[in-house]
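# Remarks on the overall topology
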Amino acid sequence: MNPYRSMLFVPGHKPSWADKGIASGADAVILDLEDSVPIADKDEARVTVAATIDRLHHDEIRADVWVRPNSKSSGIQAQDLETVVRPGLAGLFLPKVFDAEEIIRIDAVVTHLEEVRGLEPGTVGLIVSYETAVSMAHCEEIAAASPRVSSLLGATGPSADVGRELGFEFTPRGLETLYLRSRIVLAARAAGLHHPVAGVWQDIKDLDGMRKFCLDNRQLGYRGMVCIHPSHIAISNEVFTPEPELVDRYRRMIDAFREAEAAGSAAVDFEGQHIDIAHVKTAEGVIALADAVGANA
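Along each chain, residues carry numbers from 1 onward, in the same order as the chain's sequence is written. The predicted nature of this model means local features are confined to residues of pLDDT at least 70 and side-chain atom pairs, given and counted, to a pLDDT of 80 or more, with totals for whole chains, interfaces and linings taken over all residues. Note that the side-chain values use all heavy atoms of the structure and ignore hydrogens as well as water.

### Some remarks on unusual backbone geometry
Negative phi characterises most residues that are not glycine, and trans characterises most peptide bonds. For clarity, the threshold we go by: Numbering of helices and strands runs from the N terminus; a helix is a DSSP stretch of H or I covering at least four residues, while a strand is a stretch of E covering at least two.
Between Gly199 and Val200 the backbone carries a cis peptide bond, its omega angle lying at -10°. Following the sequence through the fold, Val200 ends up in the loop between strand E7 (197-199) and helix H9 (207-220). A positive phi is found at Glu271, a non-glycine position, where the angle reads about 50°. With respect to the helices, strands and loops of the structure, Glu271 is situated in the loop between strand E9 (267-270) and strand E10 (273-276).

### Notes on the packing of helix H3 (residues 77-84) against helix H4 (residues 100-116)
For clarity, the cut-off: Here an angle of 0 to 180 degrees is reported between the N-to-C directions of two axes, which are lines fitted to C-alpha atoms, with helices fitted over the stretch in contact. By definition, any crossing whose near helix is turned counterclockwise from its far helix by less than a right angle is left-handed, and any crossing with a clockwise turn is right-handed. Any pair of residues with heavy atoms lying within 4.5 Å of one another is described as a contacting pair. Amino acids outside the nonpolar list (Ala, Val, Leu, Ile, Met, Phe, Trp, Tyr, Cys, Pro) and the charged list (Asp, Glu, Lys, Arg) are all regarded as polar, and Gly is one of them.
Remark: H3 packs on H4, axes separated minimally by 10 Å, with the N-to-C direction vectors making an angle of 30°. Like other packed secondary-structure pairs, H3 and H4 cross with a definite hand, here right-handed. Seen from H3, the contacting residues are Gln77, Leu81 and Glu82; seen from H4, they are Arg105, Ile106, Val109 and Leu113. Taken together, the residues of the contact of H3 with H4 sort by class into four nonpolar, one polar and two charged.

### What about the pattern of salt bridges?
Convention followed: Salt bridges are counted wherever a side-chain nitrogen of Lys or Arg sits within 4 Å of a carboxyl oxygen of Asp or Glu. Relative accessibility under 20% of the residue-type maximum defines a buried residue, over 50% an exposed one, and the middle range a partly exposed one, all with a 1.4 Å probe and only protein chains included.
Under the defined criterion, the tally for this structure stands at 23 salt bridges. Residue Arg252 pairs with Glu271 through a salt bridge whose shortest N-O separation is 2.5 Å. Highlighted residues: Arg252 in helix H11 (residues 244-262) and Glu271 in the loop between E9 and E10, separated in sequence by 19 residues. What makes Arg252 partly exposed here is its relative accessible area of 36%. One salt-bridge network, in which partners are shared between bridges, spans Asp32, Glu34, Asp35, Arg68 and Lys96.

### Observations regarding the nonpolar core
Selection criterion: Buried Ala, Val, Leu, Ile, Met, Phe, Trp, Tyr and Cys residues form a nonpolar core when they are joined through side-chain atoms within 4.5 Å.
Counting 56 residues, the largest nonpolar core has Val67, Leu92, Tyr130 and Leu152 as the members making the most contacts within it. No other element matches helix H8 (residues 178-190), which puts five residues into this core. Sequence-distant contacts of Val67, that is, excluding residues within four places in its chain, are made with Ile30, Leu31, Leu33, Val49, Ile53, Val84, Leu89, Gly91, Leu92 and Phe93. Listed in part, the 14 residues of the second largest apolar core include Ile254, Phe270, Ile287 and Ala290.

### A word on helix H12 (residues 277-296)
The condition is simple: A helix is expected to reach a length of 1.5 Å times the quantity of its residues less one. A 3.5 Å cut-off defines polar contacts: any pair of N or O atoms within that distance qualifies, except that in protein one atom must be a possible hydrogen donor and the other a possible acceptor, and neighbouring residues in sequence count only when both atoms are side-chain atoms.
The first and last C-alpha atoms of H12 sit 28 Å apart over 20 residues, in line with the 28 Å expected at 1.5 Å per residue. Along H12, the residues that are buried comprise Val280, Ala283, Ile287, Leu289, Ala290, Val293 and Asn296. Buried residues along H12 sit against H11 and E10. Its side-chain oxygen at 3.1 Å from the backbone nitrogen of Ala278, Asp276 defines the N-terminal cap of H12.

### Some points on the packing of aromatic side chains
Put simply, the rule reads: Pairing of aromatic rings covers Phe, Tyr and Trp, the last counted by its six-membered ring, and requires centre-to-centre distances within 6.5 Å; plane angles under 30 degrees mean stacked, over 60 mean edge-to-face, and any other angle means tilted.
Inspection of every chain in the model, using the stated rule, returns five aromatic pairs. A ring pair is formed by Phe9 and Phe93, whose centres lie 5.5 Å apart and whose planes are at 80°; its orientation type is edge-to-face. Remark: Phe93 occurs in strand E4 (residues 91-94) and Phe9 occurs in strand E1 (residues 6-11); sequence separation between them is 84 residues. Take Phe9: its relative accessible area is 16%, and that puts it in the buried class. Following the ring pairs from residue to residue traces out a cluster consisting of Phe170, Trp201 and Phe213.

### Comments concerning the packing of H11 against H12
Helix-helix packing: each pair is described by the crossing angle between the helix axes and the interaxial distance. Counted only if it meets this: With respect to orientation, any angle under 35 degrees is reported as roughly parallel, any angle over 145 as roughly antiparallel, any angle of 65 to 115 as roughly perpendicular, and every other angle as oblique.
At their nearest, the axes of H11 and H12 sit 9 Å apart, and the two run at 140° to each other. Looking at the two axes, H11 sits oblique to H12. Crossing geometry of H11 relative to H12 is assigned as left-handed. Counted together, Leu246, Val247, Tyr250, Arg251, Met253, Ile254, Phe257 and Arg258 of H11 and Ile277, His279, Val280, Thr282, Ala283, Glu284, Val286, Ile287, Ala290 and Asp291 of H12 form the full contact between these two elements. Per-class residue counts for the contact of H11 with H12 are twelve nonpolar, two polar and four charged.

### Observations regarding helix H2 (residues 42-59)
Taking 1.5 Å per residue, 18 residues should reach 26 Å; H2 reaches 25 Å between its end C-alpha atoms and fits that length. Along H2, the positions that sit buried rather than exposed are Lys42, Ala45, Arg46, Thr48, Val49, Ala50, Thr52, Ile53 and Leu56. Here the buried face of H2 lies against helix H1 (15-23), strand E2 (28-32), strand E3 (64-68) and H3. The first or second residue beyond H2 is Glu60, which carries a positive phi of 55°.

### Some remarks on the confidence of the model for the protein chain
Condition: One number per residue, pLDDT, summarises how confident the predictor is, and it ranges from 0 to 100.
For the protein chain, per-residue confidence averages 93 on the pLDDT scale, and 99% of positions sit at 70 or higher. At the low end of the mean pLDDT range in the protein chain sits helix H7 (residues 161-166), at 82; at the high end sits E4, at 98.

### Brief notes about the pairing of E2
The condition that has to hold: When DSSP finds two or more bridges between two strands, those strands count as paired. Orient the strands so they point away from the viewer; a crossover is then right-handed if the path from the first strand over the helix to the second runs clockwise.
E2 sits mainly inside the fold: five of its five residues count as buried. Here E2 shows a buried face lined by Ala28, Ile30 and Asp32 and a second buried face lined by Val29 and Leu31. Bridge analysis of E2 against E3 gives five bridges, and the strand direction is parallel. Its bridge partner being in E3, Ile30 is matched across the sheet by Trp66. Running through H2, the crossover from E2 to the neighbouring parallel element E3 is right-handed.

Here is the structure:
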């Protein structure tokens, strides 16, 4: 999966908002068929989302296009998948997942739709949003349930599904969700998924709070943010882009290590710090992330 520094939710029944989301600089947009669409508008929204995917695909926009279908429990998820799996769809952002069996079932459906629509096998990815107590209790099995799983969302916003399910009270400091967010990062990394995403910050006007929220999650191991407003995109992109100074320092550090290695040493004193191969691998990972972000921007 591309390293998404920012993913922006867009109500699926409002196609012009997709253009505004793309103009915001988001790395990906999520056309929503779930919570942001009134029940009475679900059928029309499904058709609108399909048309939006077709249009954006034809225009060859830079941002990737994802769709959040309705949950399995809604009874209309199958209709959503049947309609939106098409050329131009990067993947499905799955809400309210419960267990690994659900992922396996969706994988089978998507595999069939790819085949009948002439899509390359495995084209459509899956991002799992952990919003139920059951899914969080089994997050490792879910993360490893299918090679289609591209990323995991550690959703911890206030007064939403996760808080209601688990009964915690949201605080900007986030200690009440520290275990959950850490476990989701661990599940992602154990499954070979290197770009877990966090979210969401619901206060549209508190941009300082949004920045702090992004920084806290970056330090925990998240690599991007799911956003609900265009004003949050620039902050998320900035926070989750490796700083040029850090990348430059790491390049110099690697050069110093390779020079020492060529001279027969397995470690080097670099600017007062002991550096060995473990540090070099960390540096290479940050540089690779920076290069990928630059290529995707």
